[in-house]
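Each chain, letter by letter, is given below.
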Amino acid sequence: MRHTGLASGRSQRSEPVDDERVLRELGYPQQLRRRMGAFGNFSASLSVISIMSGTLLLFGYGLNSGGPAVVVWGWLAVGPLVLCLAAALAEITSRYPTSGGLYYMARQLGGERWSWYTGWLNLLGLFGGIAAQDYGIATFTAAWANLQFGFVATPGSLLVVFAVILALHAVLNLFGTGLMNVLTSLSAWWHLAGAVVIVGALALVPSHHQPAGFVFSEFTNNTGWSSPVYVILLGMLLPCFALAGYDTSAHLSEETSGASVAAARGIVRSVAVSWIAGGILLAALLFAVQDYAATLGSETGVPVAQIFLDALGVATAKALLLVIIVAQFLCGYTVTASTSRMIYAFARDGALPGSAHWQKVSRRTAVPANAVWLAVGIAFVLALPSLYSATTFAAVTAISVVGFTPAYAIPVLLRLRHRDRFTPGPWHLGRWSRPIGWVAVLWAAGVTVLFLLPQSSPVTPTSFNYTPVALLVALLMAALWWRFGRRSYRVPRSGTANAHDQTEEAENII
């Protein structure tokens, strides 16, 4: 009996699946350790999506790019579209539960060239995700330090804090899947409990709340563009970035028990829970705004911190900021883990320069340590323009969205075009597969084009959206390496003999 995505499905216990056998049929030996359960897998994606990261990191951007009305209605409109893309991707993940995730799916459904570019786009999204996440943590940490010590952040000091956070995430990721399972589960509970505490405080403590008319109809345009429609579309960056990263469940599938069902469910459930909880959190923040102008011009540099300060007082503001910073830190840890697994898998199939180095796995911890350090190193490079550009954070988040979204959509498109190449796994959408898939693909195409466009006017060196540059560099690197290095690229075909024999496995373990 197969599980469907539109119902809870029957328990997998009635039909136990040999995860290692499934992985061998997909062409790989079991090298990583399966210490993660279904809840841990779901928690990992929930942690990466992180309602206290994406929603709060871009909250100020949303207030300037459309204001409360666009924040609320944009969130409500985008959520179901993201859920369609997540469900379509989950269906394919159920059939191909490997660490490679998207690019492996594209190989099975479309061929090596599709797979190659899907993998490079996915990497771009993941690198941008680490950079945006950890730089956002640095800004919230600086806001807390401003309230606690009167610290005033500069671009240079923020970059130093950012580098320290990257290093901490790398070191924690070297300890293995056991710690990851604990931290991702803790992260899920921390996010949900923290959101309840914040919403409760904002609902009960302030003596004044904004009327519904302010929350649902107040429009603000500080982008410099005169077209309200364009400004509204720009405001969609908040929910698009906040509800991304759910492919983490796929990247961790080789470390998950019952991955064919658990990873697919983890993708869909993490998006659904994040959409509902994130919407409640955003509404609570908007109702609690005391002084809109002061919120936008906060000395802390973080509008959320100013709302806490005005509505709840200094002591409570500092305490809640710490709750958020811990949640964001746990999110950044999981994003780094997901990225390192993608690097490991892509290198395992010979897709990266120096693949032999990046695919090595520690014998003691079963962690691809070199891939971890590469992930944080490239994330640091992506954030270097923050030293001179005032719009770096928005650009880095756009890089993440522009990398992730087409990478998510390509396997779905190929699955729609080549129906004969796809046999559904234990978790599937049934008759809803094609309509949901086409909605997802069209949505992804529109989003990808939108966030390549300028975000503020006039366009100057300091306001330039360098997302197209980052995308072009990534695609050029992919094209050049395809020309000179594609002979080393070997993604196993599902159902064929293992392309990675035991000799190669032994060479990759240090």
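The subject of this paragraph is the overall build of the protein. A count of helices and strands for the protein gives 22 helices and four strands. Over its C-alpha atoms the protein spans a radius of gyration of 22 Å, differing by no more than 12% from the 24 Å that the globule rule assigns to 510 residues. With the principal axes as the frame, the protein shows a C-alpha extent of 65 × 45 × 40 Å. Out of the 510 residues belonging to the protein, those deemed buried represent 61%. Sequence separation of at least 24 residues holds for 85% of the intrachain contacts in the protein that already meet a minimum separation of 6. Carbon together with sulfur atoms contributes 66% to the accessible area of the protein, which is approximately 18800 Å² in total. Across the protein, the centroid of the 30 positively charged side chains sits 8 Å from that of the 21 negatively charged ones.

With that settled, the discussion passes to the packing of aromatic side chains. For the structure on display, the rule yields 19 aromatic pairs. When the centroid spacing of 5.0 Å and the interplanar angle of 85° are considered together, the rings of Trp 116 and Tyr 489 count as edge-to-face. Of this pair, Trp 116 sits in helix 6 (residues 112-149) while Tyr 489 sits in the loop between helix 21 (467-485) and helix 22 (502-507); the two residues are 373 residues apart in sequence, bridging distant segments of the chain. Here Trp 116 falls in the buried class, since its relative accessible area comes to 0%. Ring geometry for Phe 216 and Phe 287: centres 6.4 Å apart, planes at 70°, overall edge-to-face. Here the residue Phe 216 occupies a position in helix 9 (residues 212-217), and Phe 287 occupies one in helix 13 (residues 259-287), the gap between them amounting to 71 residues. Judged by its relative accessible area of 34%, Phe 216 falls in the partly exposed class. Members of the aromatic cluster, each reached through a chain of ring pairs, are Tyr 103, Trp 116, Trp 120, Phe 346, Trp 482 and Tyr 489. Just above the ring of Tyr 28 sits the side chain of Arg 348; from NZ or CZ to the centre is 3.7 Å. The aromatic ring of Phe 484 is capped on one face by Arg 483, whose charged end is 5.9 Å from the ring centroid.

One pass over the structure, following the stated rule, counts zero disulfides. In this model Cys 84 remains outside any disulfide bridge; the closest cysteine sulfur is found in Cys 240, 13 Å from its own. Lacking any disulfide linkage, Cys 331 is separated from the closest cysteine sulfur, that of Cys 240, by 17 Å.

What follows deals with helix 2 (residues 38-57). For helix 2, built from 20 residues, the straight-helix expectation of 28 Å at 1.5 Å per residue is met to within 8% by its first-to-last C-alpha distance of 28 Å. Bending of helix 2 peaks at approximately 50° at the position of Ser 47. Among the 20 residues that make up helix 2, 18 are buried, leaving the element largely enclosed by the rest of the structure.

Of all residues in the protein, 93% have pLDDT values of 70 or greater, and the mean over the chain is 87. Taken together, the stretch residues 1-16 has pLDDT below 50 and engages in 30 contacts with residues farther than four places along the chain or on a different chain.

Residues Val 459, Phe 464, Val 469, Val 473 and Met 477 make up a contiguous nonpolar surface patch of about 410 Å² in total accessible area. Within the secondary structure, Val 469 sits in helix 21. Residue class for Val 469 comes out partly exposed when judged on its relative accessible area of 41%.

Turning to the pattern of salt bridges, a few remarks are in order. One pass over the full model with this rule turns up four salt bridges. The salt bridge partner of Arg 341 is Glu 255, with a shortest N-O separation of 3.1 Å. Remark: Glu 255 occurs in the loop between helix 12 (248-251) and helix 13 and Arg 341 occurs in helix 16 (residues 314-348); sequence separation between them is 86 residues. Neither Arg 341 nor Glu 255 differs from the other in exposure class; each is buried.

Attention now moves to the nonpolar core. One recurring pattern in soluble globular proteins is that nonpolar side chains are buried together. Core analysis: the largest hydrophobic core is formed by 164 residues, its most contacted members being Tyr 246, Phe 308 and Phe 451. In terms of residues, this core owes the most to one element, helix 6, which gives 19 residues. The residues touching Phe 451, leaving out its near neighbours within four places in the chain, are Leu 233, Leu 234, Met 236, Leu 237, Cys 240, Ala 398, Val 401, Val 402, Asn 465 and Thr 467. Listed in part, the eight residues of the second largest apolar core include Met 36, Ala 44, Met 180 and Leu 252.

Glancing now at helix 18 (residues 369-382). Along its 14 residues, helix 18 runs 21 Å from first to last C-alpha, staying within 8% of the 20 Å computed at 1.5 Å per residue. Turning to helix 18, its buried residues number three or more, namely Asn 370, Ala 371, Val 372, Leu 374, Ala 375, Val 376, Ala 379 and Leu 382.

All right, on to the packing of helix 6 against helix 16 then. Put simply, helix 6 and helix 16 touch, their axes get as near as 9 Å, and they point 160° apart. Taken together, the axes of helix 6 and helix 16 lie roughly antiparallel to each other. The way helix 6 lies across helix 16 gives a crossing that is left-handed. Residues belonging to the contact of helix 6 with helix 16 are distributed by class as follows: 22 nonpolar, 13 polar and two charged.

What follows is about the environment of Trp 432. Along the chain, Trp 432 falls in the loop between strand 4 (427-428) and helix 20 (433-450). Once the C-alpha coordinates of Trp 432 and Ala 88 are considered, the two residues, 344 residues apart in sequence, prove to be 9.5 Å apart.

A cluster of basic residues, Arg 113, Arg 483, Arg 486 and Arg 487, forms a positive patch on the protein surface. Here Arg 483 is to be found in helix 21. Judged by its relative accessible area of 63%, Arg 483 is exposed.

Looking now at the packing of helix 4 (residues 67-95) against helix 20. One can describe the packing of helix 4 onto helix 20 by two numbers: an axis separation of 8 Å at closest approach and a directional angle of 120°. Looking at the two axes, helix 4 sits oblique to helix 20. Once helix 4 is placed against helix 20, the crossing between them reads as left-handed. Seen from helix 4, the contacting residues are Val 78, Leu 81, Val 82, Cys 84, Leu 85, Ala 88 and Glu 91; seen from helix 20, they are Ser 433, Ile 436, Gly 437, Val 439, Ala 440, Trp 443 and Ala 444. Of the residues assigned to the contact of helix 4 with helix 20, the class counts are eleven nonpolar, two polar and one charged.

Looking at the element boundaries, Arg 419 is found in the loop between helix 19 (392-417) and strand 4. Expressed as a C-alpha distance, the spacing of Arg 419 and Ala 337, which sit 82 residues apart in the sequence, is 33 Å.

Conventions adopted
- Residues numbered from 1 in each chain as written.
- Predicted model: local features only at pLDDT ≥ 70, side-chain atom pairs only at ≥ 80, totals over all residues.
- Heavy atoms only, no water.
- Helix = DSSP H or I, 4+ residues; strand = E, 2+ residues; numbered from the N terminus.
- Rg over C-alpha atoms; globule rule 2.2 N^0.38 Å.
- Buried < 20%, exposed > 50% of the residue type's maximum accessible area, 1.4 Å probe, protein only.
- Contact = heavy atoms within 4.5 Å.
- Areas by Shrake-Rupley, 256 points an atom, 1.4 Å probe, with all protein chains shown as cover.
- Lys, Arg positive; Asp, Glu negative; His and termini not counted.
- Charge placed at Lys NZ, Arg CZ, Asp CG, Glu CD.
- Phe/Tyr/Trp six-rings, centres within 6.5 Å; stacked < 30°, edge-to-face > 60°.
- Lys NZ or Arg CZ within 6 Å of the ring centre and 35° of its normal.
- Disulfide = S-S within 2.5 Å.
- Expected span 1.5 Å × (residues − 1).
- Bend = angle between axes of the 7 residues up to and from the residue.
- pLDDT = per-residue confidence, 0-100.
- Patch = residues over 30% accessible without salt bridge, like charges linked within 9 Å, V, L, I, M, F, W, Y side chains within 5 Å.
- Salt bridge = Lys/Arg side-chain N within 4 Å of Asp/Glu carboxyl O.
- Core = buried A, V, L, I, M, F, W, Y, C linked by side-chain atoms within 4.5 Å.
- Axes fitted to C-alpha atoms, helices over the stretch in contact; angles between N-to-C directions.
- Parallel < 35°, antiparallel > 145°, perpendicular 65-115°, else oblique.
- Left-handed = near helix turned anticlockwise from the far one by under 90°.
- Nonpolar A, V, L, I, M, F, W, Y, C, P; charged D, E, K, R; others polar.

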